[in-house]
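# Report on the structure
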Amino acid sequence: MHKNRTTLKDIAEKLGTTITTVSKALKDYPDISDKTKQAVKKLAKELNYQPDSRALALRRNKSNSIGVIIPEVVHFFFSTVIAGIMTYAEGKGYRVLITLSNNQLSLEKKQANLLFNTKVDGVLVSLANESKSAAHFDLLKEYGIPVVMFDKVNKLFECSKVKIDDRLGAYTATQHLIDKGCKRIAHIRGPRHPLNSKARFDGYKAALKDHNIEFCPELVKECKEVTLKEGHDFAIELLEAKHPPDGIFAVTDQVGVGAIQAAHQLGLNVPKQLKVVGFSDSQIAQIIRPALTTIHQPGFEIGQMAAQLLIEEIEIREADSESPIDFSQVILDTYLIEREST
């Protein structure tokens, strides 16, 4: 009977730690303690652990590059995410190839194939608004190319993910409007498919319910492209209605700025007659007058963490292609920044 080859998973299970820790300890990463390194190396020797020759062969063809697919470039949030990705990746000796889906499923598929053919070592992706599934990334996984999703993710696709608690952020935004005295709060929401858009809508409704405020469907408007113009046009509709809102929670800062412009156009005073809260904490939120109250979204940290998880997975697969990966689900904190619009 043949003896099974020792894997990183075997060592991790015996020591009660993770595959990532074992891989780092064997490579003498500085963030692993000497005690852990000694324990890992001792057990690896006892179990006669040998790096997978197939993984080593793949390593010789390594490109030291990672691909990124983002939905849009004009959004301040994604520019900060890219900065975080590049800072971490370049510090680890990786080049970064950035591609754009324009929130279109067809283009997202083309970019995934492009990155596959470019032979990147791994891919970071924030899904397009049109992407109901992530099946087009299966090809990458089949060939051992790691995928990490951030911000707009698919809950059924098995990979590491980095995001925020969008529901809690939206709850905080809505509660802030309630605390400021708003009784009739509208929500200009994002499209139905992205999970973060759904979560923000759910957080808005939950805050209303917990404060005994009736949910009114007529106070909800749904963006298709999540633009400043949509925020403006929907706010005009809401504010010219028979029973206008006294508060608006916008799905993004761009939409919130559009709502403030609509209020100005109609001669309404923000915040005396209308209070507005956005989401992201982009530069435009600080420039508009009155400055926009918003939920801070840590884009730079999201980018750094996503790149870290991806590169760690790349290096684990290099060391041992047979060990399963411990996928991580990282949720970063948000907080409200109160400005003049409330």
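The following refers to the structure shown. (Residues numbered from 1 in each chain as written. Predicted model: local features only at pLDDT ≥ 70, side-chain atom pairs only at ≥ 80, totals over all residues. Heavy atoms only, no water.)

Moving on: the packing of helix α10 (residues 228-239) against helix α11 (residues 253-265). For any two helices packed against each other, one specifies the inter-axial angle together with the distance between the axes. Between α10 and α11, the shortest axis-to-axis distance is 7 Å and the interhelical angle comes to 45°. Accordingly, the angle class assigned to the pair α10 and α11 is oblique. Read as a crossing pair, α10 and α11 show a hand that is right-handed. Residue-level contacts link Leu228, Gly231, His232, Ala235, Ile236 and Leu239 of α10 to Gln254, Val255, Val257, Gly258, Ala259, Gln261, Ala262, Ala263 and Gln265 of α11. For the contact of α10 with α11, the residue count by class is nine nonpolar, six polar and no charged. (Axes fitted to C-alpha atoms, helices over the stretch in contact; angles between N-to-C directions. Helix = DSSP H or I, 4+ residues; strand = E, 2+ residues; numbered from the N terminus. Parallel < 35°, antiparallel > 145°, perpendicular 65-115°, else oblique. Left-handed = near helix turned anticlockwise from the far one by under 90°. Contact = heavy atoms within 4.5 Å. Nonpolar A, V, L, I, M, F, W, Y, C, P; charged D, E, K, R; others polar.)

This brings us to the nonpolar core. Judged by nonpolar contacts, the single largest core of 67 residues is most densely connected at Ile66, Ile85, Leu124, Phe150, Val162, Ile188 and Tyr204. Apart from residues lying up to four places away in sequence, Tyr204 is in contact with Ala170, Thr174, Ile185, Ala186, His187, Phe215, Leu219, Val220 and Phe249. The next biggest cluster of nonpolar side chains, apart from the first, holds 17 residues, and it includes Ile69, Val123, Ala134 and Met149. (Core = buried A, V, L, I, M, F, W, Y, C linked by side-chain atoms within 4.5 Å. Buried < 20%, exposed > 50% of the residue type's maximum accessible area, 1.4 Å probe, protein only.)

Sheet architecture is open: six strands sit in the order β7-β6-β8-β9-β10-β12, paired in mixed fashion. A strand with exactly one partner marks an edge of an open sheet, and here the two such strands are β7 (220-222) and β12 (335-337). Here the average twist between neighbouring strands, direction ignored, is 20°. The pairing of strand β10 (residues 293-296) with β12 spans three bridges and is classified as antiparallel. (Pairing = 2+ DSSP bridges.)

Let's shift gears to the state of the cysteines. With the rule as written, the count across this model stands at zero disulfides. Left without a disulfide partner, Cys182 is nearest to the cysteine sulfur of Cys216, which lies 14 Å away. The class for Cys182 is buried, based on a relative accessible area of 3%. This cysteine, Cys223, is not joined by any disulfide, and Cys216 carries the nearest cysteine sulfur, 19 Å off. (Disulfide = S-S within 2.5 Å.)

A separate point is the environment of Lys155. Of note, Lys155 is situated in the loop between β4 (147-150) and β5 (160-164). On the basis of relative accessible area, Lys155 is assigned to the exposed category, the value being 66%. Counting along the chain gives 76 residues from Lys155 to Gly231, while the straight-line C-alpha distance between them is 28 Å.

Here the focus is the packing of aromatic side chains. Aromatic ring pairs are reported here in terms of the distance separating the ring centres and the angle at which the planes meet. With the rule as written, the count across this model stands at seven aromatic pairs. Residues Phe137 and Phe157 carry aromatic rings whose centres are separated by 6.4 Å and whose planes lie at 70° to one another, so their mutual orientation is edge-to-face. You can see Phe137 sitting in the loop between β3 (122-125) and α7 (138-142) and its partner Phe157 sitting in the loop between β4 and β5, a full 20 residues away along the chain. Note on accessibility: Phe137 and Phe157 belong to one class, buried. Where Phe201 meets Phe215, the ring centres are 6.1 Å apart and the plane angle is 65°; that geometry is what we call edge-to-face. (Phe/Tyr/Trp six-rings, centres within 6.5 Å; stacked < 30°, edge-to-face > 60°.)

Within an α-helix, residues lying three or four positions from one another point in the same direction, as the helix has 3.6 residues per turn. A rise of 1.5 Å per residue sets the reference length of helix α6 (residues 105-117), with its 13 residues, at 18 Å; its end C-alpha atoms lie 19 Å apart and thus fit the reference within 8%. Taken as a whole, α6 has its buried residues at Glu108, Gln111, Ala112, Leu115 and Phe116. The buried side chains of α6 occupy one side of the element, clustering within an arc of 140° when seen end-on. With respect to the buried face of α6, the exposed residues turned more than 90 degrees away are Lys110 and Asn117. Of the surrounding secondary structure, the elements contacted by the buried residues of α6 are β1 (65-70), β2 (95-100), β3 and α7. Phi for Lys119, located one or two positions after α6, is positive at around 65°. (Expected span 1.5 Å × (residues − 1). Arc of directions from axis to C-beta.)

What the six strands build is an open sheet, ordered β2-β1-β3-β4-β5-β11; its pairing is parallel. Pairing within the sheet leaves two strands with one partner each, and these edge strands are β2 and β11 (329-332). When strand polarity is set aside, the average angle formed by the axes of neighbouring strands in this sheet is 15°. Here three bridges tie β3 to β4, and the two strands are oriented parallel to one another. When the sheet's bridge partners are listed, Leu124 is paired in β4 with Val148. Taken strand by strand, helix α13 (residues 299-319) contacts β1, β3, β4, β5 and β11, and its axis lies near 170° from that of β5.

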